[in-house]
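Here are the chains, one letter per residue:
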Amino acid sequence: KAGVTQTPRYLIKTRGQQVTLSCSPISGHRSVSWYQQTPGQGLQFLFEYFSETQRNKGNFPGRFSGRQFSNSRSEMNVSTLELGDSALYLCASSGGTGSYNEQFFGPGTRLTVL
Amino acid sequence: GENVEQHPSTLSVQEGDSAVIKCTYSDSASNYFPWYKQELGKRPQLIIDIRSNVGEKKDQRIAVTLNKTAKHFSLHITETQPEDSAVYFCAATSGGGADGLTFGKGTHLIIQP
């Protein structure tokens, strides 16, 4: 099976702009979670989608949003970019149908905000 | 919400020796505890996990132990090899895919030749 893929891999934006990142889960996986990874804060949970519905959200401002399509692909959007949004954004997919689901990560999108 | 503390932040061991990384969690409802290995510039990869109904799990040179009473779990790597050098993250969740994983800050494991 192909693994989780993310596009683009690298992105450079300026403050105030918005950005959309894409994640394609492992075939058959219906749950997609998004994480932000920074040297200072580590890996932090953004939100999780299952069957096109957001089931949970981490402690991030409303500028961070996401959605999931019927084919389980997911996008996250960050509006009004700030310097502090520079990070590696990782998505992870899992079966999502029950408890204890292993999460498999994509390679990430490296976002740099200038 | 859940809070996961991980120690040490850096661990240097001689090749062939054992390495132990420890994590504590705060939410007694957490019931799934995975460990991820992240090499420089690469994605986190699941190396082992444990459910709350199990006290210990082994997979070749890697083992994880869980003490639910103390809210404490540990990763043990025996006979360390150069390819074990990486950053290791512990995580906890209260179950299901919905809750997301709460990660520790990571341990940079350095294997000295």
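The model shown is predicted, which means the values in this text are computed figures rather than measured ones. (Residues numbered from 1 in each chain as written. Chains lettered and ligands numbered in written order. Predicted model: local features only at pLDDT ≥ 70, side-chain atom pairs only at ≥ 80, totals over all residues. Heavy atoms only, no water.)

Undergrad: I tried to follow the sheet that holds strand E3 (residues 19-25) of chain B on my own but got confused; where do I start?
TA: Strand pairing in a sheet relies on backbone hydrogen bonds. The paired strands run either parallel or antiparallel. All names here are of chain B. With respect to topology, five strands assemble into an open sheet ordered E1-E3-E8-E7-E6, the strand pairing being antiparallel. Among the strands making up the open sheet, the edge pair consists of strand E1 (4-7) and strand E6 (56-59). Between one strand and the next, the sheet's axes are offset by a mean angle of 15 degrees, whatever the strand orientation. Alignment of E6 against strand E7 (residues 62-67), held across four bridges, turns out to be antiparallel. Residue pairing in the sheet places Asp 59 in a bridge with Ile 62 of E7. (Pairing = 2+ DSSP bridges. Helix = DSSP H or I, 4+ residues; strand = E, 2+ residues; numbered from the N terminus. Axes fitted to C-alpha atoms, helices over the stretch in contact; angles between N-to-C directions.)

Undergrad: Would you take a moment to explain the nonpolar core for this structure?
TA: Across soluble globular proteins, nonpolar side chains show a tendency to be buried alongside one another. In terms of nonpolar packing, the biggest core is built from 24 residues, with Trp 35, Phe 73, Leu 75, Tyr 88 and Leu 109 of chain B touching the most fellow members. For this core, the secondary-structure elements that each account for two or more residues are strand E2 (10-14), E3, strand E4 (32-38), strand E5 (45-51), E7, strand E8 (72-77), strand E9 (86-92) and strand E11 (107-112) of chain B. If you look at the next biggest cluster of nonpolar residues, it comprises 21 residues, including Leu 21, Met 76, Cys 91 and Leu 111 of chain A. (Core = buried A, V, L, I, M, F, W, Y, C linked by side-chain atoms within 4.5 Å. Buried < 20%, exposed > 50% of the residue type's maximum accessible area, 1.4 Å probe, protein only.)

Undergrad: I'm lost on unusual backbone geometry in this one. Help?
TA: Peptide bonds are mostly trans, and most non-glycine residues show a negative phi. Backbone torsion omega between Thr 7 of chain A and Pro 8 of chain A reads -10 degrees, so that peptide bond is classified as cis. For Pro 8 of chain A, the location among the structural elements is in the loop between strand E1 (5-7) and strand E2 (10-13). The residue after His 7 of chain B, namely Pro 8 of chain B, is reached through a cis peptide bond having omega -5 degrees. Considering the arrangement of structural elements, one finds Pro 8 of chain B in the loop between E1 and E2.

Undergrad: How should the environment of Cys 91 of chain A be read in this particular structure?
TA: Residues and elements named next belong to chain A. As for its position among the elements, Cys 91 is in strand E9 (residues 87-94). For Cys 91, a relative accessible area of 0% corresponds to the buried category. Through-space distance from the C-alpha of Cys 91 to that of Pro 25 is 8.4 Å; in sequence the pair is 66 residues apart. For Cys 91, the residues in contact, after removing those within four places along its chain, are Val 4, Gln 6, Cys 23, Val 32, Ser 33, Trp 34, Phe 104, Phe 105 and Gly 106. (Contact = heavy atoms within 4.5 Å.)

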